[in-house]
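# Fold and geometry: a report
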Amino acid sequence: AYGVKILSDVDDTLYSSGGKFPTGCDTRFPRHMCYPGCLSLYRALDQHRDCQTPSCNLVFVSARPHLYKDWTEDHSYRLFQSLVAQGRMHT
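Here the structure is a predicted model, which means the values were calculated and not measured.

## Focus: the packing of aromatic side chains
The final tally for this structure, using the stated rule, is three aromatic pairs. Aromatic side chains Y42 and F60 sit 5.9 Å apart centroid to centroid with 80° between the ring planes, which places their arrangement in the edge-to-face category. With Y42 in helix α1 (residues 38-45) and F60 in strand β2 (residues 58-60), this pair connects stretches of sequence that are 18 residues apart. Between the aromatic rings of F60 and F80, the centroid separation amounts to 4.4 Å while the plane-to-plane angle is 25°, which identifies the pairing as stacked. Placement of F60 in strand β2 and of F80 in helix α2 (residues 71-85) is noted, with a sequence separation of 20 residues between them. By relative accessible area, which is 15% here, F80 ends up buried. Of the aromatic side chains, those joined through ring pairs into one cluster are Y42, F60 and F80.

## Some words on the nonpolar core
Formed by 13 residues in total, the largest nonpolar core has its most connected members in L14, C34, L39, Y42 and L83. When residues of this core are traced back to their parent elements, those giving at least two are α1 and α2. Considering every element that reaches this core, the biggest residue donor is α1, with three residues. Residue contacts for C34: discarding those within four places in its chain leaves L14, Y15, L39, L83 and R88.

Analysis parameters
Counting starts from 1 at the beginning of each chain's written sequence and moves along it residue by residue. The predicted origin of the model limits local features to residues at a pLDDT of at least 70 and limits the giving and counting of side-chain atom pairs to 80 or more, whereas totals for whole chains, interfaces and linings rest on all residues. The basis for every side-chain value is the complete set of heavy atoms in the structure, and neither hydrogens nor water enter the calculation. Any pair of Phe, Tyr and Trp rings, taking the six-membered ring for Trp, is counted once the centres come within 6.5 Å. Such a pair is stacked with planes under 30 degrees apart, edge-to-face with planes over 60 apart, and tilted for the rest. Secondary structure elements follow DSSP: runs of H or I of four or more residues count as helices, runs of E of two or more count as strands, with numbering from the N terminus. Exposure is judged per residue with a 1.4 Å probe applied to protein chains only, and the accessible area is read against the type maximum: over 50% gives exposed, under 20% gives buried, and values in between give partly exposed. Nonpolar core, defined: a set of buried Ala, Val, Leu, Ile, Met, Phe, Trp, Tyr and Cys residues in which side-chain atoms within 4.5 Å join the residues together. In what follows, residue pairs with any heavy atoms lying within 4.5 Å of each other are defined as contacts.

Everything listed here is a matter of coordinates, which is why it stays silent on function.
Given below as structure tokens:
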């Protein structure tokens, strides 16, 4: 996985939308549940990262439209901060 740049969506890729429109259609898991193994996969693909050197091998993209005062972006940033604080997301 050396030299890999990971591009990932958020809804129905990192976590389930619960099938709630307009974010996604997956009803197999509860809404906002991280998919089993997703964070482990990101960590495995990013295993050659150097903690001493700033880098960004994991990039999240979204098709969500820009909404008032960056509401959707703030929601995603809070999710990422929470996953890092819980030790579930490595970067």
